[in-house]
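# Overview (structure and organization)
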Amino acid sequence: MDSYNSRESLVKEMFPDGIPNLWCPLLTHYDDDKAIDKDRMYKHIKSIIRNVNTFLVPGSTGDGWEMCNEDRKKTLECVIGFSHELKFKILVGILETGKDAARKNIIDTLEWLKEKTGVNDSSECLKRSNICGFTVCPPKGSDLSQQEIEEQLASILELNLPTALYQLPQVTQNEVSPETVKSLVDKYPNLFLFKDTSGADKVALSGIDFRGLFLVRGAEGDYFNWLKSNKGAYDGFLLSTANCFSNVLAEILKSGGDANKKNILSSKLTKLAKAVFDICSELTYGNVFTNANKAVDHFMAYGEDAYTQKSPMLYSGNRIPVEIIQKVGSILSEYGLMPEKGYMY
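The rules we used
- Residues numbered from 1 in each chain as written.
- Predicted model: local features only at pLDDT ≥ 70, side-chain atom pairs only at ≥ 80, totals over all residues.
- Heavy atoms only, no water.
- Buried < 20%, exposed > 50% of the residue type's maximum accessible area, 1.4 Å probe, protein only.
- Helix = DSSP H or I, 4+ residues; strand = E, 2+ residues; numbered from the N terminus.
- Pairing = 2+ DSSP bridges.
- Right-handed = clockwise from strand over helix to strand, strands pointing away.
- Axes fitted to C-alpha atoms, helices over the stretch in contact; angles between N-to-C directions.
- Contact = heavy atoms within 4.5 Å.
- Salt bridge = Lys/Arg side-chain N within 4 Å of Asp/Glu carboxyl O.
- 1 Å grid on protein atoms, 1.4 Å probe; cavity = no way out; pocket = protein on both sides within 12 Å on 5 of 7 lines; lining within 4 Å.
- Points joined across faces, edges and corners; volume = space filled by probe spheres on them.
- Nonpolar A, V, L, I, M, F, W, Y, C, P; charged D, E, K, R; others polar.
- Phe/Tyr/Trp six-rings, centres within 6.5 Å; stacked < 30°, edge-to-face > 60°.
- Lys NZ or Arg CZ within 6 Å of the ring centre and 35° of its normal.
- Core = buried A, V, L, I, M, F, W, Y, C linked by side-chain atoms within 4.5 Å.
- Expected span 1.5 Å × (residues − 1).
- Parallel < 35°, antiparallel > 145°, perpendicular 65-115°, else oblique.
- Left-handed = near helix turned anticlockwise from the far one by under 90°.

### Comments concerning the pairing of strand β2 (residues 54-57)
The side chains of a regular strand alternate, first on one face of the sheet and then on the other. Of the two faces of β2, the one carrying T54 and L56 and the one carrying F55 and V57 are both buried. In this sheet, β2 lies alongside strand β1 (residues 22-25) in parallel orientation, the contact comprising two bridges. The residue bridging C24 from the neighbouring strand is F55, located in β2. You can see the chain leave β1, run along helix α2 (residues 38-48) and come back into β2, and the turn it takes is right-handed. Sheet analysis places β2 next to strand β3 (residues 89-93), joined by four bridges and oriented parallel. Note on β3: the bridge partner recorded for L56 is L91. For the segment spanning β2, helix α3 (residues 69-86) and β3, crossover handedness is right-handed.

Pasting the structure below:
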C-alpha cells in the first residue's frame, strides 16, 4: 500500500465521517489560584462543540509554549475527561523545539496515557483517550539545514504514531520547505496533517502533491479566500479564533451557500481579529493569540456582565488589564458580536 492509500486508511479509521475542516487550539482557563478552572473549560467547550469538535491541547493559544510538563498533563487530563461525554477528539500539542525533545516528550506522554488507561497497546490507548495524534514543530535554529530538520522530524515519525506538523517560524526561526514535507509524506503515512501559521504559506502554495496530507491554515485573516472550496490552497483551518467565533468560521467553511455572504463574514472577522490583536499586543506577558482570545472569550462567557467580572487569569499569574477588556468589549459591540447571554449562565 503506497503512502496515499495508507494515509487515507489512517484518516478514515480516526475520522469515519471525514476529517473535520475546523480545528481549535483550546484556551486553558485558570481560577484565582491559577489552577485549571475545570468548570469554565467544560462550559467553554460545550458552547462551541456544535461547530468544532477537534481540539489542539495544549496549543499556542492554550499556553503550550509556557507550560511545564506537569501542567501540560493536568490540562490534557482535564480535557480528556470531558471528551467522552461531549464526544470530541484531541490533538496533543508537543511544543518542544530542542533536539530530540519532542520525541522524548511524546514517548513520555504515551507512557503516561498507558498508565492512565491501563492499556499497553499504543493505538488502543490513544483511541480510549479520544486522541487522534500528536502535533510537533521543527527543531529550533535559523542555521539548521533542511536535511537536519528532516532527520529530526523523521525520528519522531518513526514512532509510527499519528502526527501533525506545525509550521511556526515565529518560534522555530526556520521553515520546513515544501520539498522536505514532500519527502516526509512519501516515507511516513502517519504524517496526516500540516498546519501553517507562518503567513507565507509556502507549502500550500507550492503546487506539490502531498499525497493526501490535510492542510490547515493557522494564520488569521482573509479566511474564505484561503479555502480550496474557493480555489484557495487549504482544506481547512486550525485557528485561535475558533475559541470565540466558531459559528462564524463554520459558516464560512460550510459547503455550498452564498459566496458573497461568506466573503462579507470573512472580511468582518478579519477586521475584528486584527483590531483585537492590535490592542492585546500592548501586553508584555503571554502571547497575543492567548491574550486576545481570552479577552474576547470573557464576553462570550458573561456577555455584557463581563465588565463586572474579574478579568481573565493568564498562565503567568497576571490578569488582563481592565482597560484592555473595555476596549475589546467596545469592538465586539461595534461589530454586533456582543452576546446577549454568556455561556457561563
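On we go from here.
### A few points about the sheet that holds β3
The parallel closed barrel is built from eight strands, whose spatial order is β1-β2-β3-β4-β5-β6-β7-β8. Across the sheet, the mean angle from the axis of one strand to that of its neighbour is 25°, orientation sign disregarded. Where helix α1 (residues 3-14) meets the sheet, its contacts fall on β3, β4 (131-136) and β6 (191-196), and the angle it forms with β6 comes to roughly 85°. Across the sheet, helix α9 (residues 246-253) is in contact with β1 and β8 (236-238); its angle to β1 comes to roughly 155°.

### Notes on the pattern of salt bridges
Per the stated rule, a full pass over the model turns up 21 salt bridges. Here E96 and R72 are joined by a salt bridge, their closest N and O atoms 2.7 Å apart. With a gap of 24 residues between them, E96 in the loop between β3 and α4 (101-117) and R72 in helix α3 connect regions that are remote in the sequence. For the pair formed by E96 and R72, the shared burial category is buried. The partner of E150 in a salt bridge is K187, with the nearest N and O atoms 3.1 Å apart. Separated by 37 residues along the polypeptide, E150 in helix α6 (residues 146-157) and K187 in helix α8 (residues 178-187) bring together distant segments of the chain.

### Details of empty space enclosed by the protein
If a probe the size of a water molecule is rolled over the atoms, the empty space left behind becomes visible. Under the definition given, this model contains four cavities of 30 Å³ or more. Here the largest cavity is characterised by a volume of approximately 80 Å³. As for the largest cavity, its lining consists of P58, N69, R72, K73, L76, V92, G93, I94, N105, D108 and T109. Of all the secondary-structure elements, those providing two or more residues to the lining of the largest cavity are α3, β3 and α4. Residue contributions to the lining of the largest cavity peak at four residues, all from α3. A per-class count over the lining of the largest cavity returns four nonpolar, four polar and three charged. Of the pockets and cavities examined, the second largest cavity occupies roughly 60 Å³. The residue makeup of the lining of the second largest cavity, split by class, is six nonpolar, four polar and three charged.

### Overview of the layout of surface pockets
Here the largest pocket defines a volume of roughly 520 Å³. Together, 20 residues line the largest pocket, and L10, E13, M14, S123 and P162 are the ones closest to its centre. Looking at the lining of the largest pocket residue by residue, the class counts come to nine nonpolar, six polar and five charged. Within this model, the second largest pocket holds a volume of roughly 320 Å³. Taken together, 15 residues form the lining of the second largest pocket, with F15, D17, P20, N53 and K89 sitting closest to its centre. For the lining of the second largest pocket, the class distribution of residues is six nonpolar, six polar and three charged.

### Concerning the packing of aromatic side chains
With the rule as written, the count across this model stands at nine aromatic pairs. Ring geometry for F55 against F88: centres 5.1 Å apart, planes inclined by 80°, an arrangement best described as edge-to-face. Taken together, the residues span a long stretch of sequence, with F55 in strand β2 and F88 in the loop between α3 and β3 at a distance of 33 residues. Assigned by exposure class, F55 and F88 land together as buried. When the ring centre of Y315 is taken as reference, the NZ or CZ atom of K34 above it lies at 4.3 Å.

### Quick notes on the nonpolar core
If you look at the biggest cluster of nonpolar residues, it comprises 92 residues, and the most contacted ones within it are F55, I90, V181, F237 and L332. Apart from the residues within four sequence positions on either side, L332 is in contact with F245, L272, V296, F299, M300, L337 and M338. Core analysis: the second largest hydrophobic core is formed by 15 residues, F15, I19, L91 and A164 among them.

### Quick word on α3
In this model, α3 (18 residues) spans 25 Å end to end at C-alpha, consistent with the 26 Å of a helix rising 1.5 Å per residue. Those residues of α3 hidden inside the fold are in contact with α2, β2, β3, α4 and β4. One or two residues past the end of α3 sits K87, with phi positive at roughly 60°.

### Quick word on the packing of α2 against α3
Following both chains from N to C, one finds α2 and α3 inclined at 40°, their axes separated by 11 Å at the closest point. Relative to α3, the element α2 is oriented oblique. Two packed elements cross with a definite hand, and for α2 against α3 that hand is right-handed. Residue-level inspection shows K38, M41, Y42, I45 and K46 of α2 in contact with α3, the latter providing C78, V79, F82, E85 and L86. When its residues are assigned to classes, the contact of α2 with α3 shows seven nonpolar, no polar and three charged.

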